[in-house]
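Examining the three-dimensional arrangement
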Amino acid sequence: MIPQVSDSELELIRIVWASGGAATYASIMEELAKAGRTWQKNTVITLLSRLVDKGLLKTNKIGRRNEYIALVTENGYQSAQARSFLNKLYAGDAKSLVATLIQGEMLSEDDYRELKRFWESGGGEK
């Protein structure tokens, strides 16, 4: 089971995923700065340590620097969280989830057509 993460932790692991599954502290800070985030060094280190403790990242020493390596893929994380959400809110009933999305007008006609093509193709690439 993949553990839940906070929004801030998710933001950091997304940076690692976007970097090909591995990123140094310096590159993470650089990406945060590009996104307009001005988090303190200790905050980032604490959040990265939590991700390591949760088993989502591991560290690799490169001289005096840490490289953070994802132990779960973005797709794997999304799949586990989607399953957890589906079970928690819809008792595992995906049809009810889709009905809610349609009734709540959260799926456009284009989304519906794209999903239909995806389904008919057996779930392959678009």
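Structural data are supplied above this passage.
Residues numbered from 1 in each chain as written. Predicted model: local features only at pLDDT ≥ 70, side-chain atom pairs only at ≥ 80, totals over all residues. Heavy atoms only, no water.

Another point: the pairing of strand β2 (residues 57-62). The sheet contact formed by β2 and strand β3 (residues 65-70) spans six bridges and is antiparallel. In the sheet register, K58 faces β3, and the bridge partner there is I69. Here β2 folds back onto β3 in antiparallel fashion, the turn holding two residues, of which G63 has a positive phi close to 65°. (Pairing = 2+ DSSP bridges. Helix = DSSP H or I, 4+ residues; strand = E, 2+ residues; numbered from the N terminus.)

Here we come to the environment of R50. Among the secondary structure elements, R50 is positioned in helix α3 (residues 41-53). Classification of R50 by relative accessible area gives partly exposed; the value is 41%. Distance in space between the C-alpha atoms of R50 and S6 is 9.9 Å, their sequence separation being 44 residues. (Buried < 20%, exposed > 50% of the residue type's maximum accessible area, 1.4 Å probe, protein only.)

This part covers the environment of T73. Among the secondary structure elements, T73 is positioned in the loop between β3 and α4 (74-90). It is 9.8 Å that separates the C-alpha atoms of T73 and I13, two residues lying 60 residues apart in sequence. A distance of 2.9 Å separates a polar atom in the side chain of T73 from the backbone nitrogen of G76. (Polar contact = N/O pair within 3.5 Å; in protein donor to acceptor, adjacent residues only side chain to side chain.)

If you walk through the whole model with that rule in mind, you get two aromatic pairs. Measuring from centroid to centroid gives 5.8 Å for W17 and Y77, while their planes differ by 45°, and the two rings are tilted. Here the residue W17 occupies a position in helix α1 (residues 7-18), and Y77 occupies one in helix α4, the gap between them amounting to 60 residues. Residue classification places Y77 among the buried residues on the basis of a relative accessible area of 8%. (Phe/Tyr/Trp six-rings, centres within 6.5 Å; stacked < 30°, edge-to-face > 60°.)

What follows covers the layout of surface pockets. Over the atoms rolls a probe the size of a water molecule, and in doing so it shows where empty space is left. The space that makes up the largest pocket amounts to roughly 650 Å³. What lines the largest pocket is a set of 16 residues, among which A94, V98, L115, F118 and W119 lie closest to the centre. Breaking the lining of the largest pocket down by element, the ones donating at least two residues are α4, α5 (94-103) and α6 (109-120). Residues that form the lining of the largest pocket fall into these classes: 13 nonpolar, one polar and two charged. (1 Å grid on protein atoms, 1.4 Å probe; cavity = no way out; pocket = protein on both sides within 12 Å on 5 of 7 lines; lining within 4 Å. Points joined across faces, edges and corners; volume = space filled by probe spheres on them. Nonpolar A, V, L, I, M, F, W, Y, C, P; charged D, E, K, R; others polar.)

Glancing now at the sheet that holds β2. An order of β1-β3-β2 is seen for the three strands of this open sheet, with the pairing classed as antiparallel. Of all the strands in the sheet, just β1 (22-24) and β2 have a single pairing partner and so form its edges. On average, each strand axis in the sheet is inclined to that of its neighbour by 30°, with strand direction left out of account. The pairing of β1 with β3 spans three bridges and is classified as antiparallel. The partner of A22 across the bridge, within β3, is I69. Relative to the sheet, α1 contacts β1, β2 and β3, its axis offset from that of β3 by approximately 85°. (Axes fitted to C-alpha atoms, helices over the stretch in contact; angles between N-to-C directions. Contact = heavy atoms within 4.5 Å.)

Here we take up α5. The N-capping residue of α5, defined by a side-chain oxygen 3.2 Å from the backbone nitrogen of K95, is D93. Trailing α5 by a residue or two, E105 shows a phi angle of about 55°, which is positive.

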